[in-house]
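Chains, contacts and geometry: an overview
Residue-level listing of the chains:
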Amino acid sequence: QLQASGGGLVQPGGSLRLSCAASGNIFSVNSMAWYRQAPGKERELVASIMGRGWTDYADFVKGRFTISRDNAKNTVYLQMNSLKPEDTAVYYCKSVIQSTRSGPDLNYWGQGTQVTVSS
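Keep in mind that what you see is a predicted model, and the values were worked out from it rather than measured.

On to the nonpolar core. Counting residues in each nonpolar core, the largest one holds 29 residues, and the members touching the most others are Trp 34, Val 46, Phe 65, Ile 67, Leu 78, Met 80 and Tyr 91. Counting residues per element, the ones that place at least two in this core are strand E1 (2-5), strand E3 (16-22), strand E4 (28-37), strand E5 (44-49), strand E7 (65-70), strand E8 (75-80), strand E9 (89-98) and strand E11 (113-117). Residues in contact with Val 46, not counting those within four places in the same chain, are Trp 34, Tyr 35, Arg 36, Asp 56, Tyr 57, Ala 58, Val 61, Phe 65, Leu 78 and Tyr 91.

Right under this line is the structure:
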């Protein structure tokens, strides 16, 4: 249902762009978000974006990361600039999707993509 891509190895100060596309039976895609989980740590919210574009960011990425979405493609992006070693983690996308007009909003998670920031 959610396919994430764009992770990789980058040097400190570098940039990466993550993408996550929703597919399948979709009536509407509501909120979309990126989370991350570093080894030995709990999963944490990085950024979120509502259907009309309202965004929210964790303090540790403000000014460096930008979340955006393409509603026509049911895709959310995370532009990551000025990356730091502490940004190393598996990044997961999450979307709240309504599959039918009368159906409930359900949470869906992508498979995760590894981001490694190292020299």
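One pass over the full model with this rule turns up four salt bridges. For Arg 36, the salt bridge identified is with Glu 44, shortest N-O distance 2.9 Å. Among the residues examined, Glu 44 registers a relative accessible area of 30% and is labelled partly exposed. Asp 59 is the salt-bridge partner of Lys 62, the closest N and O atoms lying 3.2 Å from each other. The class for Asp 59 is exposed, based on a relative accessible area of 65%. Through salt bridges with shared partners, a single network forms among Arg 36, Glu 44, Arg 64 and Asp 87.

Here we take up the packing of aromatic side chains. Applying the stated criterion across every chain, the model contains one aromatic pair. Directly above the ring of Trp 109 sits Arg 43, whose terminal nitrogen or CZ lies 4.7 Å from the centroid.

Turning next to the sheet that holds E1. Across the sheet, which stays open at both edges, the four strands sit in the order E1-E3-E8-E7 with antiparallel pairing between neighbours. Where the open sheet ends on each side, the last strands, each with one partner, are E1 and E7. Across the sheet, the mean angle separating the axes of adjacent strands is 15° when strand polarity is ignored. Here E3 pairs with E8 via six bridges, running antiparallel. Paired with Ala 21 across the bridge in E8 is Thr 75.

What counts and what doesn't
- Residues numbered from 1 in each chain as written.
- Predicted model: local features only at pLDDT ≥ 70, side-chain atom pairs only at ≥ 80, totals over all residues.
- Heavy atoms only, no water.
- Core = buried A, V, L, I, M, F, W, Y, C linked by side-chain atoms within 4.5 Å.
- Buried < 20%, exposed > 50% of the residue type's maximum accessible area, 1.4 Å probe, protein only.
- Helix = DSSP H or I, 4+ residues; strand = E, 2+ residues; numbered from the N terminus.
- Contact = heavy atoms within 4.5 Å.
- Salt bridge = Lys/Arg side-chain N within 4 Å of Asp/Glu carboxyl O.
- Phe/Tyr/Trp six-rings, centres within 6.5 Å; stacked < 30°, edge-to-face > 60°.
- Lys NZ or Arg CZ within 6 Å of the ring centre and 35° of its normal.
- Pairing = 2+ DSSP bridges.
- Axes fitted to C-alpha atoms, helices over the stretch in contact; angles between N-to-C directions.

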